[in-house]
Amino acid sequence: MSKFLWKGLLVSPAVLAASLVVSSTALAAEQPVEIATTDQAHQLPLAGAATEAAKSETAAVAVEAAPLASKSTVETIEKESANLYESLTNEPIAPVAEQAKAPEVAAADLGETKPAVAPANLSAEQPVTEQIPAVAPANLSETQPAVAPTNLNAEKSAAQPEQISQSPDDPSAQPQAQSNVLEQINQYSAEDSSSEDPAGQVTSVSQLSDVRPTDWAFQALQSLVERYGCIAGYPDGTFRGNRAMTRYEFAAGLNACLDKVSELIQGGSRNLATREDLASVQRLQEEFAAELATLRGRVDALEARASELEANQFSTTTKLNGEVIFGLAGIARGEDAEGNDADKATAFGSRVRINFDTSFSGEDLLRTRLQVLNLGSFSTNNTKTAEGELRFNAGPFGEASNTVGLDALLYQFPLGKSTTVILEANAGAADDFTNTVNPYFDGDGSYGALSNFGTRNPIYYLTGGSGIGLRHQFGEKLELSLGYLAGNAADPTRGNGLFNGSYGGLAQLTFKPSESMALGLTYVNSYNFVTGTGSNASNFPARLGSFGFDSDSTLPVSSNSYGAQASWQLNRRFAIGGWAGYTNQRILSNLATPTGSVQRGDQKIWNWAVTLAFPDLLKEGNMAGILVGMEPRVTNSTNRTLPEDKDTSLHLEGFYQFKLSDNISVTPGLIWLTAPDHNKDNSDLVIGVVRTTFTF
């Protein structure tokens, strides 16, 4: 018996677990040992992981007590055990004799052997007679844990405990095995975590919290996520499908998709395009062949044009734009300010402006304007008054020439989100930093009104030159405009310069209760500026000669002006507007001349206007405008040496702007002055104008 047991110990652990203990009754009968377990075993987990479960259930193999045949030998048991082991592991087992010759595979040292596998699926017909405790390997420090069945037939588990666990004879083996198993699990977990995509790769479209099945691109996104796996979400689990994509993001997403497609092709994935998919694509190509060819041709043409533009572009930061005005004007009838018949000659001239608009940040603007004027002024040669002067000619009492000069030169940039700063280096004007609240008439001579007076409230002309302007938005409905411009800022001589010469300071609050309505309240303080509109009396400091004063000097004058402007577009085709302005003009010194003298004093000057605009009249893009108003008139003077206007002249202006194309418009108009120079002794003046504007 002892010899038989000793040889049995040399069998592999699987055979040893099946034949370690045999009852004395079986030896007496000399019958072969038959081993039986349940007919099914669903899982073979790690022994270390199953230890706790094995403690509650007795791990044993029941063996039927049967007599042994006299001719049974160790070879019989060896053979049957080997067959059993091979059926479980698909690996041959060496005979016991050979195992004895190779001590490195003995059960006492499993450092270089594969773990023993317990029987999991034996014949259900063999009877169960006796429980045999399982024997765990003696040395687990260098081996993987043994595998034992854990999920057996539930009907037999109560009466036939069949799970094999580590032997309670060696308690040190249990914590050691558990430690090895935990280390392996941690290692595998670390490997899995290291392979996660740091870019937020998602495997299902449901992982994107802001993507809904009702979204128009849901199906396309679902295909990219679940079929190709090349869509990454943001760390907060959102996709942000309506957000603009940068070129870097596009490159990263495209690269991810191409990598996934390459993996699918190399791995021969069944998710690749099917024959049906390819056939559908081919049918679509055939059906839309003409459209694709047209699109290809358009793309080629656009690429050619883009290449030409890049090769011939003026500048990467500067845009060239400009306008040309051809003006045909003449006086139809009437008398000048001196009561003489006005010269009825017809004049034809032009105004050319070339703008170089440069931006360095995309939000700033450096404008450099070159200008040529060769259309003379009616006030200088014909009417002898600033009333009715055109906006696009040489200006009140100015002289025309074909000399190219630097006109506007300014730089504007944002200061925060709500403030814009405008630096005026030359020929600055109030409309550069202020809303003049006259949208359909203030086109600075290019469109809208034909005259200086009809363009904007005359108090805006009391500032100009070089300086600084500022616009600040208080929300969407309220704006504050501030500006200071000096007339001779570049002249360093006495009585000139930025602060010692002529200047104008402006402040305005513009209120926009809606998109169709605007209201402006304006204050202007100026020194040595006149409006250049209205009667000679309102421009008295600069028009001494018209009142018989023989002097080349001008009187120093300061003024405080107040204005209110409004515009209201009642509907798409009709807008009403207007303004009222008051100026307190103060003569600061006395002047004595051979022909008379002037004493210090104040002049009160008023002006007003009502405007009617008819956008898109008869044709979209066209516009008709009517203006009725009173140009600046001196209503009162503090002394007799300062002139007053005793009568009232009305300014009536009408025009129709006809749009020939996006770049060409023709505007015929008429200006009618009743009682020119606010003197009813002068017969009405009628000035006809045809203005053609080219923009590019």
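These numbers were taken from a predicted model, which means no experiment stands behind them.

(A) Looking closely at the side chain of Thr611. Relative to the helices and strands, Thr611 resides in strand β16 (residues 601–615). Contacts of Thr611, omitting those with residues within four sequence positions, involve Asn438, Phe441, Ala575, Ile576, Gly577, Gly578, Trp579, Ile626 and Leu627.

(B) Here's a closer look at helix α9 (residues 218–228). Every buried residue belonging to α9 is among Phe218, Leu221 and Val225, and all of these are buried. Down the axis of α9, the smallest arc covering the buried residues is 75°, so these residues share one side. Note on α9: the residue one or two positions beyond its end, Gly229, has a positive phi of about 60°.

(C) Representation of the pattern of salt bridges within the structure. Applying the stated criterion to the full structure yields 13 salt bridges. Put simply, Arg456 and Asp431 hold a salt bridge, and the shortest N to O gap is 3.3 Å. Remark: Asp431 occurs in the loop between β7 (419–428) and α14 (452–455) and Arg456 occurs in the loop between α14 and β8 (465–474); sequence separation between them is 25 residues. Classification of Asp431 as partly exposed rests on a relative accessible area of 27%. Arg471 is paired through a salt bridge with Glu479; the nearest N and O atoms lie 3.1 Å apart.

(D) Region of interest: the packing of aromatic side chains. Enumeration according to the criterion identifies 14 aromatic pairs in this entry. Ring geometry for Phe453 and Trp579: centres 5.5 Å apart, planes at 70°, overall edge-to-face. Highlighted residues: Phe453 in helix α14 and Trp579 in strand β13 (residues 574–587), separated in sequence by 126 residues. Since its relative accessible area comes to 1%, Phe453 is described here as buried. On the basis of relative accessibility, which here comes to 6%, the residue Trp579 falls in the buried class. With a centroid separation of 6.1 Å and 25° between ring planes, the pair formed by Tyr503 and Tyr527 is classed as stacked. Placement of the pair is Tyr503 in strand β10 (residues 503–514) and Tyr527 in strand β11 (residues 517–527), with a sequence separation of 24 residues. Owing to a relative accessible area of 23%, Tyr503 belongs among the partly exposed residues under this scheme.

(E) Examining the pairing of β11 more closely. Judged by which residues are buried, β11 turns out to be one-sided: Ala518, Gly520, Thr522, Val524 and Ser526 face inward and are buried, whereas Met517, Leu519, Leu521, Tyr523, Asn525 and Tyr527, on the alternate face, are not. Of the pairings in the sheet, the one linking β10 to β11 comprises 10 bridges and is antiparallel in character. Among the inter-strand pairings, Ala507 is bridged to a residue of β11, identified as Tyr523. Adjacent in sequence and paired antiparallel, β10 and β11 are bridged by 2 residues. Bridge analysis of β11 against strand β12 (residues 557–571) gives 11 bridges, and the strand direction is antiparallel. Residue pairing for β12: Gly520 is matched across the bridge by Gln565.

(F) Looking closely at the nonpolar core. With 24 residues, the main nonpolar core has Leu390, Phe392 and Val689 as its most contacted residues. Elements with a minimum of two residues in this core: β3 (318–333), β13, β16, β17 (623–637), β19 (664–673) and β20 (685–695). Setting aside anything within four residues of it in sequence, one finds Leu390 in contact with Ala329, Phe378, Leu450, Ser451, Asn452, Ile671 and Val689. Counting residues in each nonpolar core, the second largest holds 11 residues, with Ala430, Phe433, Leu462 and Leu506 among its members.

(G) Focus on the confidence of the model for the chain. For the chain, the mean per-residue pLDDT works out to 76, and 69% of the residues sit at or above 70. In the model of the chain, strand β1 (residues 60–62) stands out as the element of lowest mean pLDDT, 34, in contrast to strand β9 (residues 478–486), which has the highest, 98. Every residue in residues 1–78 scores below 50 in pLDDT, and together they form 179 contacts with partners more than four places removed in sequence or on other chains. Counting interchain partners and residues more than four positions distant, the pLDDT-below-50 stretch residues 84–179 has 202 contacts.

(H) Up close: the environment of Glu323. Mapped onto the elements, Glu323 comes out in strand β3. The spacing of Glu323 and Ser446 is 123 residues in sequence and 7.9 Å in space, taken between C-alpha atoms. Aside from chain neighbours lying at most four places away, what touches Glu323 is Arg351, Val352, Arg353, Ser446, Phe694, Thr695 and Phe696. For Glu323, the side chain forms a polar contact with the side chain of Ser446, separated by 2.5 Å.

(I) Region of interest: the pairing of β9. Examined bridge by bridge, β8 and β9 share 9 bridges and lie antiparallel to one another. Along β9, the bridge assignment pairs Gly467 with Leu485. Relative to β10, β9 runs antiparallel, the two being bridged by 9 bridges. Each bridged residue has a counterpart across the sheet, and for Leu485 the counterpart in β10 is Gly504.

(J) Region of the structure containing the environment of Leu627. Structurally, Leu627 is set in strand β17. For Leu627 and Leu612, which are 15 residues apart along the polypeptide, the C-alpha to C-alpha distance reads 6.4 Å.

Thresholds, definitions, all that
Residues numbered from 1 in each chain as written. Predicted model: local features only at pLDDT ≥ 70, side-chain atom pairs only at ≥ 80, totals over all residues. Heavy atoms only, no water. Helix = DSSP H or I, 4+ residues; strand = E, 2+ residues; numbered from the N terminus. Contact = heavy atoms within 4.5 Å. Buried < 20%, exposed > 50% of the residue type's maximum accessible area, 1.4 Å probe, protein only. Arc of directions from axis to C-beta. Salt bridge = Lys/Arg side-chain N within 4 Å of Asp/Glu carboxyl O. Phe/Tyr/Trp six-rings, centres within 6.5 Å; stacked < 30°, edge-to-face > 60°. Pairing = 2+ DSSP bridges. Core = buried A, V, L, I, M, F, W, Y, C linked by side-chain atoms within 4.5 Å. pLDDT = per-residue confidence, 0-100. Polar contact = N/O pair within 3.5 Å; in protein donor to acceptor, adjacent residues only side chain to side chain.

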